[in-house]
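# Descriptive structure summary
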Amino acid sequence: MSSRSRLRNGIRAGALLLAPAIASANMGNLATTYGVMPSDVATVQALSMFNTQVSTAFYNPAYLARDTRGEMTAGLMHADPNLKADSQNHGTYKVQDDPAQQILLGLRTDLSDITELGQPIVLGLLLGSEKYSQELMAFNSSTAPYGQYFSHGREPLFLSLGIGTNIWRGLAIGFGTRITLHSDAKLYAWSNLAGDTQYEQLDVTAKPVLRPILSMSLDWKETFCPDAECWYNGVETAFAFRGYSYARVSVDANMVIPETIPEPGLFINLSTIDSYQPNTYVFGTQVKKGKWRTGVALEFQEWSKLEDKLTSGHDDIKDVGDLQFRDTFTPRIGVEYEFEPGIGFSGGIAYQESPLETGVNREINYLDARRTIFGLGFHATANRVYGFKHPVRFDLAYQYHAIGERAFRLISDQTGNNDRVKTDGDVSVFAASISMQF
């Protein structure tokens, strides 16, 4: 992961002590920055709430109930950032060009046979892993004298599941969860000045943390006009709430160096937040007429609460006050045209404001700006593929992020850098998947 963060040090009387610190690494997220499956990438998530593929388990689990067929999906995604800074002191340089590479797996299945409720209950499971599954637990956090982008780092592990069911004609509800890992490490050791240790004690634990996803979807025809042709036939609406989530790594270390740092020794307390996603509220609607399907999604994210998360329990850390966030509103528009049964094109456009309110955040030096996002995709379903008993769907997608210009001041006490830069850049995303429906 190319993301970085900050660690503040302090000295207390009686022993050399590193004060408790909190660090904030990459705040990007596979599902909200790019999209989970190629169909989400292509429509810039505008139609994701009405996607019959397994990715709707994250965006709108209620919609899982619209299709009770089972599905297994495997996909790959490659995001290639080209993020630059034009500096007064150092000229033009690349801030980030390290790609994110995800392997994606999904499963959807009907659980009706194991219940006595007499109605479909559909489960969806999603898994994403960075560097094509080679970095399930990778983590990197450091300061950034020359800047780092806020939302384009890697996400080692993406895991989500959801359940959807119909409760009345055309009305469905869904419940899901986003699963993240909170890891804790404790280290105690004696060492000499050469770095040779003894009496080591190391304890590492990781626990899953579940954050809620709630949604509801409504098919107007089935609810209000099931037996006739009405003007709102083909109209569907949905609402979803996704609770805030983040990965966390906490390190509690104690080192004793006899005759140099006696008992109680050198204490290091570090807590790092990664892949933070705020409370998100999404309202979406789609209209399906003939071969066309058009949708709009309006997304509100509560980024302002991240300030409280960074400073909570860490009153001795004053500089995080430089980091100020604002809530964001993102409109998304998507369209899909199916010119033959099972074969079609899709596209979308979205405009996203940056949640980073300030142009200076000492040492961390986050960079971010507004962006316009474009998507284009193609899908085809083959009813007969050699070796498969069921239809197979193929998806390809491309997404482009045009990141606007923005001015920042970069400050680093470690390197003495005090610079003014203008940033811009773009990101290209390629995605492909194969799905078998059964």
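For clarity, every value in this text was computed on a predicted model and none was experimentally measured.

With that settled, consider the overall build of the chain. A count of helices and strands for the chain gives 5 helices and 20 strands. Put simply, of all contacts in the chain between residues at least 6 apart along the chain, 70% involve residues at least 24 apart. A total of about 19,700 Å² of accessible surface is found on the chain, and carbon and sulfur atoms cover 58% of it.

Applying the stated criterion across every chain yields a total of 1 disulfide. Between the sulfur atoms of Cys 225 and its disulfide partner Cys 230 the distance amounts to 1.7 Å. Note on the Cys 225 and Cys 230 pair: the S-S dihedral is about 65°, so by sign convention the disulfide is right-handed. Given the relative accessible area of 22%, Cys 230 is considered partly exposed.

What follows concerns the pattern of salt bridges. By the definition in use, this model includes 12 salt bridges. Where Glu 222 meets Arg 66, a salt bridge forms, and the shortest distance between an N and an O atom there is 3.1 Å. Within this pair, whereas Glu 222 is found in helix H4 (residues 220-224), its partner Arg 66 is found in the loop between helix H3 (56-59) and strand S2 (71-87), the two being separated by 156 residues in sequence. Given the relative accessible area of 33%, Arg 66 is considered partly exposed.

A surface patch of nonpolar side chains, amounting to about 830 Å² of accessible area, comprises Phe 239, Tyr 281, Phe 283, Val 296, Leu 298, Phe 300, Phe 329, Ile 333, Ile 349 and Phe 374. For the nonpolar patch, the elements supplying multiple residues, two or more each, are strand S13 (280-289), strand S14 (292-301) and strand S15 (328-340). In terms of residues, the nonpolar patch owes the most to one element, S14, which gives 3 residues. Here Phe 329 falls in the partly exposed class, since its relative accessible area comes to 46%.

This part takes up the packing of aromatic side chains. Considering all chains together, one arrives at 22 aromatic pairs under this definition. On the numbers, 6.3 Å between centres and 10° between planes, the contact of Tyr 244 with Tyr 246 is stacked. On the basis of relative accessible area, Tyr 244 is assigned to the partly exposed category, the value being 26%. Ring centres 5.9 Å apart and planes at 50° place the aromatic pair Tyr 276 and Trp 303 in the tilted group. One end of the pair, Tyr 276, is in strand S12 (residues 261-277); the other, Trp 303, is in the loop between S14 and helix H5 (306-311), with 27 residues separating them in the sequence. Side by side, Tyr 276 and Trp 303 carry an identical accessibility label, which is buried. By way of ring pairs, the aromatic residues Phe 150, Tyr 244, Tyr 246, Tyr 276, Trp 303, Phe 325 and Tyr 366 are connected into one cluster.

Note that Pro 341 resides in the loop between S15 and strand S16 (343-352). Put simply, Pro 341 and Thr 381 are 40 residues apart on the chain and 8.3 Å apart in space, counted from C-alpha to C-alpha.

A word on the nonpolar core. Core analysis: the biggest nonpolar cluster contains 47 residues, and Met 77, Leu 126 and Phe 325 have the highest contact counts within it. The contact partners of Met 77, leaving out residues within four places of it in the chain, are Leu 30, Tyr 34, Gly 35, Ala 100, Gln 101, Gln 102, Leu 104, Tyr 132, Val 429, Phe 430 and Ala 431. By size, the runner-up hydrophobic cluster in this structure holds 7 residues, among which are Met 49, Tyr 63, Ala 240 and Ala 297.

This part covers the side chain of Glu 336. Topologically, Glu 336 is positioned in strand S15. Setting aside anything within four residues of it in sequence, one finds Glu 336 in contact with Leu 47, Lys 291, Trp 292, Arg 293, Phe 345, Ser 346 and His 379.

Bringing the side chain of Arg 406 into the picture now. Note that Arg 406 resides in strand S19 (residues 392-411). Here Arg 406 is buried and forms no salt bridge, its nearest opposite-charge partner Asp 368 lying at an N-O distance of 5.8 Å. A polar side-chain atom of Arg 406 sits 3.2 Å from the main-chain carbonyl oxygen of Glu 357. Of the polar contacts made by the side chain of Arg 406, one reaches the backbone oxygen of Thr 358; its length is 3.4 Å. Apart from residues lying up to four places away in sequence, Arg 406 is in contact with Arg 326, Ser 354, Leu 356, Glu 357, Thr 358, Gly 359, Asp 368, Ala 369, Val 421, Lys 422 and Thr 423.

This next bit is on unusual backbone geometry. Note on backbone geometry: most residues besides glycine have negative phi, and most peptide bonds are trans. Residue Pro 264 is reached from Glu 263 by a cis peptide bond, and omega for that bond is 5°. Among the secondary structure elements, Pro 264 is positioned in strand S12.

Bridge count between S2 and strand S4 (residues 100-110): 9 bridges; the pairing is antiparallel. What sits directly across from Leu 76, in S4, is Ile 103. Where S2 meets strand S20 (residues 418-437), 17 bridges bridge the pair, whose relative direction is antiparallel. Each bridged residue has a counterpart across the sheet, and for Ala 79 the counterpart in S20 is Val 429. One ladder, built from 5 bridges, connects S2 with strand S3 (residues 91-96); its direction is antiparallel. Across the sheet, Asp 86 pairs through a bridge with Thr 92, a residue of S3. Remark: 3 residues form the turn of the hairpin made by S2 and S3, two consecutive strands paired antiparallel.

Each value, and the rule that gives it
Residues numbered from 1 in each chain as written. Predicted model: local features only at pLDDT ≥ 70, side-chain atom pairs only at ≥ 80, totals over all residues. Heavy atoms only, no water. Helix = DSSP H or I, 4+ residues; strand = E, 2+ residues; numbered from the N terminus. Contact = heavy atoms within 4.5 Å. Areas by Shrake-Rupley, 256 points an atom, 1.4 Å probe, with all protein chains shown as cover. Disulfide = S-S within 2.5 Å. Buried < 20%, exposed > 50% of the residue type's maximum accessible area, 1.4 Å probe, protein only. Salt bridge = Lys/Arg side-chain N within 4 Å of Asp/Glu carboxyl O. Patch = residues over 30% accessible without salt bridge, like charges linked within 9 Å, V, L, I, M, F, W, Y side chains within 5 Å. Phe/Tyr/Trp six-rings, centres within 6.5 Å; stacked < 30°, edge-to-face > 60°. Core = buried A, V, L, I, M, F, W, Y, C linked by side-chain atoms within 4.5 Å. Lys, Arg positive; Asp, Glu negative; His and termini not counted. Polar contact = N/O pair within 3.5 Å; in protein donor to acceptor, adjacent residues only side chain to side chain. Pairing = 2+ DSSP bridges.

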